[in-house]
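Survey of secondary and tertiary structure
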8 protein chains.
Amino acid sequence: MNSDIKDLLLGVKNGDIEIEKALLKLKEKPFTDIDIAKIDNHRKIMQGTAEIIYGEGKTYEQINKIIAAMKNAGQERILITRLSNEKAEKIKESFDITYDKLSKVAYSGELKKPDGLGTVIVASAGTSDLPVAREAMLTLKFLGNEVKELNDVGVSGLHRLLSYLDDIASAKVIIAIAGMEGALASVIAGLADCPVIAVPTSVGYGASFEGVTALLSMMNSCASGVSVVNIDNGFGAGYTASMINHMEA
Amino acid sequence: MNSDIKDLLLGVKNGDIEIEKALLKLKEKPFTDIDIAKIDNHRKIMQGTAEIIYGEGKTYEQINKIIAAMKNAGQERILITRLSNEKAEKIKESFDITYDKLSKVAYSGELKKPDGLGTVIVASAGTSDLPVAREAMLTLKFLGNEVKELNDVGVSGLHRLLSYLDDIASAKVIIAIAGMEGALASVIAGLADCPVIAVPTSVGYGASFEGVTALLSMMNSCASGVSVVNIDNGFGAGYTASMINHMEA
Amino acid sequence: MNSDIKDLLLGVKNGDIEIEKALLKLKEKPFTDIDIAKIDNHRKIMQGTAEIIYGEGKTYEQINKIIAAMKNAGQERILITRLSNEKAEKIKESFDITYDKLSKVAYSGELKKPDGLGTVIVASAGTSDLPVAREAMLTLKFLGNEVKELNDVGVSGLHRLLSYLDDIASAKVIIAIAGMEGALASVIAGLADCPVIAVPTSVGYGASFEGVTALLSMMNSCASGVSVVNIDNGFGAGYTASMINHMEA
Amino acid sequence: MNSDIKDLLLGVKNGDIEIEKALLKLKEKPFTDIDIAKIDNHRKIMQGTAEIIYGEGKTYEQINKIIAAMKNAGQERILITRLSNEKAEKIKESFDITYDKLSKVAYSGELKKPDGLGTVIVASAGTSDLPVAREAMLTLKFLGNEVKELNDVGVSGLHRLLSYLDDIASAKVIIAIAGMEGALASVIAGLADCPVIAVPTSVGYGASFEGVTALLSMMNSCASGVSVVNIDNGFGAGYTASMINHMEA
Amino acid sequence: MNSDIKDLLLGVKNGDIEIEKALLKLKEKPFTDIDIAKIDNHRKIMQGTAEIIYGEGKTYEQINKIIAAMKNAGQERILITRLSNEKAEKIKESFDITYDKLSKVAYSGELKKPDGLGTVIVASAGTSDLPVAREAMLTLKFLGNEVKELNDVGVSGLHRLLSYLDDIASAKVIIAIAGMEGALASVIAGLADCPVIAVPTSVGYGASFEGVTALLSMMNSCASGVSVVNIDNGFGAGYTASMINHMEA
Amino acid sequence: MNSDIKDLLLGVKNGDIEIEKALLKLKEKPFTDIDIAKIDNHRKIMQGTAEIIYGEGKTYEQINKIIAAMKNAGQERILITRLSNEKAEKIKESFDITYDKLSKVAYSGELKKPDGLGTVIVASAGTSDLPVAREAMLTLKFLGNEVKELNDVGVSGLHRLLSYLDDIASAKVIIAIAGMEGALASVIAGLADCPVIAVPTSVGYGASFEGVTALLSMMNSCASGVSVVNIDNGFGAGYTASMINHMEA
Amino acid sequence: MNSDIKDLLLGVKNGDIEIEKALLKLKEKPFTDIDIAKIDNHRKIMQGTAEIIYGEGKTYEQINKIIAAMKNAGQERILITRLSNEKAEKIKESFDITYDKLSKVAYSGELKKPDGLGTVIVASAGTSDLPVAREAMLTLKFLGNEVKELNDVGVSGLHRLLSYLDDIASAKVIIAIAGMEGALASVIAGLADCPVIAVPTSVGYGASFEGVTALLSMMNSCASGVSVVNIDNGFGAGYTASMINHMEA
Amino acid sequence: MNSDIKDLLLGVKNGDIEIEKALLKLKEKPFTDIDIAKIDNHRKIMQGTAEIIYGEGKTYEQINKIIAAMKNAGQERILITRLSNEKAEKIKESFDITYDKLSKVAYSGELKKPDGLGTVIVASAGTSDLPVAREAMLTLKFLGNEVKELNDVGVSGLHRLLSYLDDIASAKVIIAIAGMEGALASVIAGLADCPVIAVPTSVGYGASFEGVTALLSMMNSCASGVSVVNIDNGFGAGYTASMINHMEA
């Protein structure tokens, strides 16, 4: 941003820009205010997350407005998470989106051709963890990552997980998704030599406390290289994994 | 107890026992009341736990009184758990006990020759879990069990645990002891084909909450055959494991 | 598994098996991967739980696929827990299953003739605990155990429980099921001389916290021989009790 | 208080009392303000608890000041709870008090001759619960109650408790004191036909959470007639029990 | 019960009762086992709660069976709590019951003429606490108590509560019902000179945690004479209050 | 209130008021008791909150009765919070109210012309926090405050918040509304020089625990000048902010 | 800050300021970095809290360095909170500070002459709450407020609190400090007509959970105008109260 | 590992290796068992964490034994975390280690020359967070990373943090360390375009719950790219950050 300010000051000095205008520019909001939300106009200024919409707690009308504002600002590819089937149907009437029922993820535009360092593994413990795994996978693919899914590899049947030792050894990042006791993250991190992002899920009953037990368990992993995101936050794990898989010197 | 009552009633019928005395007998307390505690006189009536003293929260004078009352009632072998080194030293002045500093377990008399169905494995995740593992092991040996210890076999280095697959496969009962994320119980239960008693430990920091995370994690084990005892309760696990290892047709 | 590896190596030495094939075999997955799940082909390899399906969080189509894969692998007897009535109706269209509405347990094939060491008691505190008690009972019967049910024997009316002292004294294992304050486990364990598996239930209101109070209470049992499974986990208790009731020298 | 106001108004009407004085009187503080505390001058105005000092969190100097102010106001009998041995020694230098180390209760003056409806039972589960039981007992005796103690009658050895069925049946109020799983309250309430005041204690370890488990357990008692006071609050239970034991038509 | 046993033994001695029969009698269950529940036949043996049915978690068919068994055993007056309107309608088809929608309390037979020591006050903080207050009130009236209700007397408008000082001063027992911060119990106990039974309610939102905050608050009352029952447990408070209001020398 | 008492006493002295009547007056309830609630007749006696009705947990009939009683007592302007759309429709049949669906706030009469010290800012972190923000805003406007809303200014896009630095600097009070991690309050308080009232919202999922995380986070604000109200309590924040914005010397 | 930027740009335009220097100035850090901390040089830029040091978790050497840096920047009056007696003694060797043992508050320079709108009341429930009350009071006096303390006015003896009705009615802000059930805040807010800042304290035992119960209770106050700060945060309450008491049009 | 197995099989086929020996080799433990611990002999087999010792809960004798075994296996560089000063002094008697008192980190050998992709920022909110920041920094340096520390940049004084915008923008990974409300992670992640690893610290008091509030807050970050490690786990954050900073194509 420094260079922007420098240009601005240079313009002021040269008399190309009036002081009042420069002052205004400095205070100018780098976003479009559509009342219910503020849309960033300049993707990659700040965090570059502008093209992602968190669908929960927004009406489809609100989401439509945000999509319109984004498209208006030139954004072609938009990812929408936690979008109910019902809202997706409504939005489809106005925009061309691809929707995945299992994960409740929608996107406008194409998935991005993989351009990361290598493969990201999305490993999940049981069949009920699939929606979260799928959310992570679609986020990763939207952001340009090669993904390999390992489903139903929970630690109570270790031989299933161990049969993928080669994949685990060659992954760049691994997302470990599990509810109940959440032991998958520790076991994978012990086998892998890359960052492991753990996602607790709300799968389970009784003392699983809708994912809290898995979250705490993952937080206490005795294996190094594990960091944790919120319960059921497949998107967050995918986003961070993509960042890591796109590290540059 | 039925037969006792039957004998009593028979005695009454035959006139061998007066009614008042029978009534008294029926109400007679099957324990010695030494004011601070009530000592069961007839071992194996009820639960047979009479020979075990929980040392915490009792003064050494109180413990001495209880030991004396037990010995008076003919009990030679007594196990004392959670006994501080300080109290143990004091008690040694009056009674002949063996004391283990690491686990804070003491016992009077000899350990019992193994007479169970087979071997009980006491597996613990890390070096800091050793005191609890030792408490379980001494309890098992006191109660007549063959024991094999597996130390430092936490799931972050799976190869260490897997090197004992044979032992795990042939055990009669396994006690799995772990703090932090407590994943050891699930992994072992997935590998074994016998009951697994999980003991969460207070080892860890931060979100381990002094063993609560491990407890919850173990409670939610996705592997079958796991049941859980209280945090750091090596004695309880050992006692139950011994019961199982002494099952009879 | 050792002998398998030995045979394999012997084959390699003898030239009966090519190295590449042996390598492949060693890595071969001992399960059928049907995408949504991985079905163990060799029952009793690992934990032998292959014939049990946890129905919650799976669609009936997924369950149908899993049953088909299991049957394909030669499994006749399959137990399905936490299966809603609705899904059960759908599954019945494809497979011949017996379904119990109260406990939401279904099974394919016959219950197994009792072949355990003795009788397992399933004791529950109140009428509302019956679904969990039934789940435990059906699991036990499916796994070949003689079962005796004691219903509505909560500790607030001790005479009801005490009237079964003989049964309690002669049981091989006891499952104690209770919500609210969960005191039943301690009282039974004090009366019995066998392992007691405590199952907290989500029965109650207010500070029962959907079973958490009962769970904590059971965890702190002052009686020895008690271990605990997750809230409402009748299956887990039944499975472990069956393991204990089938102990062999 | 009505009659006081009536007298006051009568006085004003008669001219015996000046308006300003009456106004003052109505606002007059019915306590002595000694800066660190406000001492009620008229025992039995309001709650009549004026003669009780909660010792924790007060220095012995502060307590001395409060005793002095009370004695100055004519109070002979004073009960001090949660008073450390150290402070008690210091206070003894100034006042004549009786101090009980086990319960940390002190009192000035004599215990009161029993004048209640009948006997109050103070039942406690284990040896470690004795300090709380003693606090309840001394409170009861200070307030004029006949007390019977039942120690070490925890539910894991039911025969000990059952041997006191007669006492339980004839009690006017029962205080049930227990840590760990706190089951004693439910069992006693099931046997008794009088109000049971449950006192959870901080005795236990791990998932006993310093009395919280016992508290929750007692809160969920399936037996009627149970109400609960704070953890380790022997005084509160004794005070309430005394109120009940002194009910008048 | 002693006299029963004495008679029995006497009968045995006299030869009036055969030993086998006496033995049987001693073991005889003092309840009717209707499979889903065990109905006490002898009201007032044990706790005398036989005439109360907790409706939640029972189907109307189960409740009907229990009512029938009770009536069969001679019981005319039965109280049913937590009975949904729907179930009440169904039960009315078989039995003559009075049903109160607000509190979900039903009863068969008449309310009992007040025969207690005096008046029990049922004070509640706000309009939303009325269902719990009503449950307490109906329980009290069913059990023969004079009741006075004080509604909407929460502490944020102290003048409303203070206007009932006379009633508070002359009450025999007070039930204080409040959600949110639960301060009502402390304030009332400070004004009264009789036992106060505090009932936290699940009224509130956010950090009221469905009554937990009120429960904890009441548990920590700085006023003496307060004991607490479970969240929304109007019945429990009423039952205990009735016991206290019926104390006899 | 003193002067009232003084007048009363003066009247008594002068003989203008009979003693019995004065006594009655002193005890007279300054509210109308409509059975389900007690309506304060004298607004601004005590807390002046008489014109506000908390709609949750009250039926529309109850609310209608309360409105009628209030209007009867001369109150024109009434604010109703947490009123469902359904109840609002019903109430509109009897009374003329303005209803806002988003915040579920209704009011009778006009909003009040701003008469405070300056502007109150209502800043909210995301689109889903709007209902709470609106409740705060309407409360403020009802109570006579100039309000400025800042929506969607969550801390993950700091430039949006920073673009309003001028507004923040000149505000008299700021209400900071946020769910999830609740960081908005701290950041705003660091930028502002006026009291900040933080409102946690139940927006979020997983470990947001329906607002508890935001509440705790706000409670621990490292910036001075922050105080916190209950989760989703937009009304409470608005009410307090209005008090502050109307401070007088 | 706008005008600063404007001046800067003007300078650039006029050629008075070089572009590079302007750029630097814009980035210039408005604080002194003393490695362990960053000291704001311009008091009242941003939040004006520069003169306050939080003493806990800092060594006396670190505090000395910060004081020195502050004094160097021209600050005479400095408030230090949570300063142990030991550290205070050490700091006194280098600087002239006034230290209050009870509240662990120290300050350099003079207390400020009251210049607020009126009186702030600091009301605390019991003797053990005095340290927190004192911290609030000293903060208020340091920041220029007239303060009135009301000690030992807990709600269990309502007459003590009610005797100060006049003070409560005329206060500008009230700080209500209480542990245990924290009811004081609600009761005072119901009596007052000004903002009430509630401070939960860690006073109590058992289920007071070191202030959490009081915090939750205060959070749920049924009286309007209450906002809450962290447990034992007397400083925070004093700081906010001072802000409110210094409101200007 | 595949190639190892292949070689082994090849050897068997060729007759170079006997079957029994191959079998043994396959089962051979790739670690040295020194009773109290199992030391991995082959660094970088599995997770490569072999050179790190967690010092807490181990005696200095145990640590000495582990160091000796590691050195024996050829390891020169060893990192020891959570090592008390006392133990460090003892270990220094036997080994040449560098010890940092603030972070309680020790290491044998040299720090590693930076060979990562770029700079890792370690940002901490306040002075009290320094020990955790230092642990992260030393871990990073030990593992070969360029590190930049930003101390005392908590969000309540945003200008301090904003003055480092350039550093934040150019970092490869950022570790954000904060106690209390933990808002730093969200704010930094909003400004940065790289992975942010959040470390909650146990700094704070009252409702900070020794870091739990910060942990939950960070878990709920509204900014993308944030993942979280355990409370005070500076090592874990450093280890993971180093992994990310050493990503290779």
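Residues numbered from 1 in each chain as written. Chains lettered and ligands numbered in written order. Predicted model: local features only at pLDDT ≥ 70, side-chain atom pairs only at ≥ 80, totals over all residues. Heavy atoms only, no water.

1. A few points about the interface of chain H and chain B
Quick note on the threshold: By definition in these notes, contact holds between two residues if any of their heavy atoms fall within 4.5 Å. As a working definition, buried area equals the accessible area (1.4 Å probe) given up by two parts on being put together, with both sides summed. Whenever a carboxyl oxygen of Asp or Glu lies within 4 Å of a side-chain nitrogen of Lys or Arg, that contact is scored as a salt bridge. Polar contact criterion, stated in full: a pair of N or O atoms within 3.5 Å, where within protein one must be able to donate a hydrogen and the other to accept it, and residues adjacent in sequence count only if both atoms are side-chain atoms. Put simply, DSSP marks the helices as runs of H or I at least four residues long and the strands as runs of E at least two long, and each gets a number from the N terminus on. Residues were grouped as follows: Ala, Val, Leu, Ile, Met, Phe, Trp, Tyr, Cys and Pro as nonpolar; Asp, Glu, Lys and Arg as charged; and all remaining residues, including Gly, as polar.
Opposite the 23 residues of chain H that make contact, chain B presents 16 residues. Across the chain H to chain B interface the summed buried area is about 1700 Å²; carbon plus sulfur atoms make up 55%. Scanning the region where chain H abuts chain B turns up zero salt bridges. There are three residue pairs in polar contact (both at pLDDT 80 or more) connecting chain H and chain B. When contributions to the side of chain H that touches chain B are tallied by element, the ones reaching two or more residues are β1 (31–33), β2 (38–40) and α9 (212–219) of chain H. Residue composition of the side of chain H that touches chain B, by class: nine nonpolar, five polar and nine charged.

2. Thoughts on the interface of chain H and chain A
Counting residues at the interface gives 36 residues for chain H, matched by 36 residues for chain A. In total, chain H and chain A occlude about 3000 Å² of area from one another, counting both sides; carbon and sulfur atoms represent 60% of this. Where chain H meets chain A, there are six residue pairs in polar contact (both at pLDDT 80 or more). Among the elements that line the side of chain H that touches chain A, the one with the most residues is helix α10 (residues 234–245) of chain H, at five residues. The residue inventory of the side of chain H that touches chain A, partitioned by class, reads 22 nonpolar, 10 polar and four charged.

3. Concerning the nonpolar core
As a reminder, the rule being used: As used in this record, nonpolar core signifies buried Ala, Val, Leu, Ile, Met, Phe, Trp, Tyr and Cys residues forming a set joined through side-chain atoms within 4.5 Å. Each residue's exposure class comes from its accessible area (1.4 Å probe, protein chains only) as a fraction of the maximum for that residue type: buried when under 20%, exposed when over 50%, partly exposed otherwise.
Within the largest apolar cluster, 280 residues are counted, with the highest numbers of intra-cluster contacts made by Leu184 of chain A, Leu184 of chain B, Leu184 of chain C, Leu184 of chain D, Leu184 of chain E, Leu184 of chain F together with Leu184 of chain H. Excluding residues that lie within four positions of it along the chain, Leu184 of chain A makes contacts with Ala123, Ser124, Ala125, Val153, Val155, Leu161, Ala176, Ile177 and Ala178 of chain A.

4. A short note on the packing of helix α9 (residues 212–219) of chain E against helix α9 (residues 212–219) of chain G
How we decide: Working convention: axes come from line fits to C-alpha atoms, limited for helices to the stretch in contact. Angles between N-to-C directions cover 0 to 180 degrees. Each angle is binned into one of four classes, with values under 35 degrees roughly parallel, values over 145 roughly antiparallel, values of 65 to 115 roughly perpendicular, and all other values oblique. Handedness of a crossing is defined here by the sense of rotation of the near helix relative to the far one, left-handed for an anticlockwise turn of less than a right angle and right-handed for a clockwise turn.
Following both chains from N to C, one finds α9 of chain E and α9 of chain G inclined at 125°, their axes separated by 9 Å at the closest point. The angle between the axes of α9 of chain E and α9 of chain G places the two elements in the oblique class. You can see that α9 of chain E and α9 of chain G cross each other, and the crossing is left-handed. On α9 of chain G, the residues that touch Thr213, Leu216 and Ser217 of chain E of α9 of chain E are Thr213, Leu216 and Ser217 of chain G. Considering only residue class, the contact of α9 of chain E with α9 of chain G consists of two nonpolar, four polar and no charged.

5. Quick notes on the domain arrangement of chain A
Residue and element names in this part refer to chain A. What counts here: A domain assignment, automatic or from a database, supplies the domain bounds used here.
Segmentation of chain A into domains returns domain 1 (29–108) and domain 2 (119–245). Each of domain 1 and domain 2 has a C-alpha centre, and the two are 26 Å apart. Taken together, the contacts link 15 residues of domain 1 with 12 residues of domain 2. Put simply, domain 1 and domain 2 have one salt bridge between them. The partner of Asp100 in a salt bridge is Arg134, and the shortest N-O contact between them spans 3.4 Å. Applying the counting rule to domain 1 against domain 2 returns three residue pairs in polar contact (both at pLDDT 80 or more). Residue assignment for the side of domain 1 that touches domain 2 shows that the elements contributing at least two residues are β4 (78–81) and β6 (105–108). A class-by-class count of the residues in the side of domain 1 that touches domain 2 yields six nonpolar, five polar and four charged.

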